[in-house]
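Residues per chain, in single letters:
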Amino acid sequence: KQEVTQIPAALSVPEGENLVLNCSFTDSAIYNLQWFRQDPGKGLTSLLLIQSSQREQTSGRLNASLDKSSGRSTLYIAASQPGDSATYLCAVEEGDMRFGAGTRLTVKP
Amino acid sequence: EAGVTQSPTHLIKTRGQQATLRCSPISGHTSVYWYQQALGLGLQFLLWYDEGEERNRGNFPPRFSGRQFPNYSSELNVNALELEDSALYLCASSLAASRPNTEAFFGQGTRLTVV
C-alpha cells in the first residue's frame, strides 16, 4: 500500500526566503508525481507535474525534483512571498492518486 | 475552457439522510476521482472512475458509492449520513487511465455538513 509523507507539517518563513518542501513515498512504481497548493476551504490548484521518466520541472519561482529510486520529491520555492501562504500537497499517481497530508506554509511580510 | 465543476457548493443534511454530490469533468477528461477532506485532515481517496467503470475505491464503508455517466460526469452518494461525514468533498479529473502521465485538475469542492 502506497504511503505518502510530507515534511515538515508546517513552516513559517519571512518574506524573501528560499525554502524546500519534502515529499516521500514508499512504492516507487508510480506514473507521475504532482504538486498542488490549497488555500483554506478551497479546491486544489495544480502547480507542477513530474512524469516518472523526468527528474525535475520548473515553473516560475517553483522547481520540483523527483528521485523515484529513493522515493523522494522536493518542491523548491524561490524568493517566497506572502501570497505563497497555503498548504502544499504532493500526490503520486499509480492509477489512482494518493496524497500526503501537506505542508502548511506561512510567509510573513 | 470550463474547469472541473462541482455542485452544490454547500449541502446541509440531517443524520441518517442521503446526500448526492455531482462533478462535471473537464471536456475530454474521462477519469474522475473523489476525495474526502475532513477539517484539518488530509485528502482521503474515495473512488476512481475511468471511462464509465469503477477502477478503485478507498477504505470507506459501502454507504459511500457513486457512478459515472456516459458523458463522464459523476455522482457521489452517501447514504445513512453520520456526523463524521461532514467534510469537504473534492472531485478531480484527468485524461483516461490509458494515458497516465497527465495532469489532474480539481473542482472547488462541496462542503457537506451533517447535523
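So, here is what we can say about the structure in this document. All values reported here derive from a predicted model rather than from experimental measurement.

### Concerning the overall build of chain A
Alright, step 1. Scanning chain A for helices and strands turns up zero helices and 11 strands.
Alright, step 2. For chain A, the N- to C-terminal ordering of α and β elements is β-β-β-β-β-β-β-β-β-β-β.
Alright, step 3. On C-alpha atoms alone, chain A measures out to a radius of gyration of 13 Å, which is about the 13 Å that the 2.2 N^0.38 rule sets for 109 residues.
Alright, step 4. For chain A, the spread of C-alpha atoms along the three principal axes comes to 40 × 25 × 20 Å.
Alright, step 5. For chain A, the share of sequence-separated contacts (at least 6 apart) that also reach a separation of at least 24 residues comes to 53%.
Alright, step 6. Carbon and sulfur atoms make up 47% of the accessible area of chain A, which totals about 5,000 Å².
Alright, step 7. On chain A, the mean spot of the 10 positive side-chain charges and the mean spot of the 11 negative ones are 4 Å from each other.

### Observations regarding the environment of glycine 42 of chain B
Residues and elements named next belong to chain B.
Alright, step 1. The residue glycine 42 is located in the loop between strand E4 (31-37) and strand E5 (44-50) in this model.
Alright, step 2. In this structure glycine 42 comes out as buried when scored by relative accessible area, which is 12%.
Alright, step 3. Each C-alpha atom of the pair glycine 42 and valine 115 lies 22 Å from the other, and the pair is 73 residues apart in sequence.
Alright, step 4. Glycine 42 has contacts with Gln36 and Gln37, leaving out every residue within four places of it along the chain.

### Some remarks on the state of the cysteines
Alright, step 1. For the structure on display, the rule yields two disulfides over all chains.
Alright, step 2. One disulfide in the model links cysteine 23 of chain A with cysteine 90 of chain A; its S-S distance is 2.0 Å. Sign of the S-S torsion, about 75 degrees for the bond between cysteine 23 of chain A and cysteine 90 of chain A, identifies this disulfide as right-handed. Here the residue cysteine 23 of chain A occupies a position in strand E3 (residues 19-25), and cysteine 90 of chain A occupies one in strand E9 (residues 86-94), the gap between them amounting to 67 residues. The same class applies to cysteine 23 of chain A and to cysteine 90 of chain A, which are both buried.
Alright, step 3. Through a disulfide, cysteine 23 of chain B is tied to cysteine 91 of chain B; the S-S separation comes to 1.8 Å. Every disulfide takes its handedness from the sign of the S-S torsion; for cysteine 23 of chain B and cysteine 91 of chain B that torsion is -60 degrees, giving left-handed. Here cysteine 91 of chain B lies in strand E9 (residues 87-94) and cysteine 23 of chain B lies in strand E3 (residues 19-24), a separation of 68 residues in the sequence.
Alright, step 4. The exposure class of cysteine 23 of chain B is buried, given its relative accessible area of 2%.
Alright, step 5. With relative accessibility at 0%, the residue cysteine 91 of chain B sits in the buried group.

### As for the nonpolar core
The tendency in soluble globular proteins is for nonpolar side chains to be buried as a group.
Alright, step 1. Counting residues in hydrophobic clusters, the biggest one holds 23 residues, and the most contacted among them are Phe25, Leu33, Trp35, Leu75, Ile77, Tyr88 and Leu105 of chain A.
Alright, step 2. Elements supplying a minimum of two residues to this core: E3, strand E4 (32-38), strand E5 (44-51), strand E7 (62-67), strand E8 (72-77), E9 and strand E11 (103-108) of chain A.
Alright, step 3. Counting 22 residues, the second largest nonpolar core, distinct from the first, contains Leu11, Val32, Leu47 and Phe64 of chain B.

### With respect to unusual backbone geometry
Alright, step 1. Residue proline 8 of chain A follows isoleucine 7 of chain A across a cis peptide bond; omega there is -5 degrees.
Alright, step 2. Tracing the chain through its elements places proline 8 of chain A in the loop between strand E1 (4-7) and strand E2 (10-14).
Alright, step 3. Residue proline 8 of chain B is bonded to the preceding serine 7 of chain B through a cis peptide linkage, with omega at -10 degrees.
Alright, step 4. Looking at the element boundaries, proline 8 of chain B is found in the loop between strand E1 (5-7) and strand E2 (10-13).

The rules behind each value
- Residues numbered from 1 in each chain as written.
- Chains lettered and ligands numbered in written order.
- Predicted model: local features only at pLDDT ≥ 70, side-chain atom pairs only at ≥ 80, totals over all residues.
- Heavy atoms only, no water.
- Helix = DSSP H or I, 4+ residues; strand = E, 2+ residues; numbered from the N terminus.
- Rg over C-alpha atoms; globule rule 2.2 N^0.38 Å.
- Contact = heavy atoms within 4.5 Å.
- Areas by Shrake-Rupley, 256 points an atom, 1.4 Å probe, with all protein chains shown as cover.
- Lys, Arg positive; Asp, Glu negative; His and termini not counted.
- Charge placed at Lys NZ, Arg CZ, Asp CG, Glu CD.
- Buried < 20%, exposed > 50% of the residue type's maximum accessible area, 1.4 Å probe, protein only.
- Disulfide = S-S within 2.5 Å.
- Core = buried A, V, L, I, M, F, W, Y, C linked by side-chain atoms within 4.5 Å.

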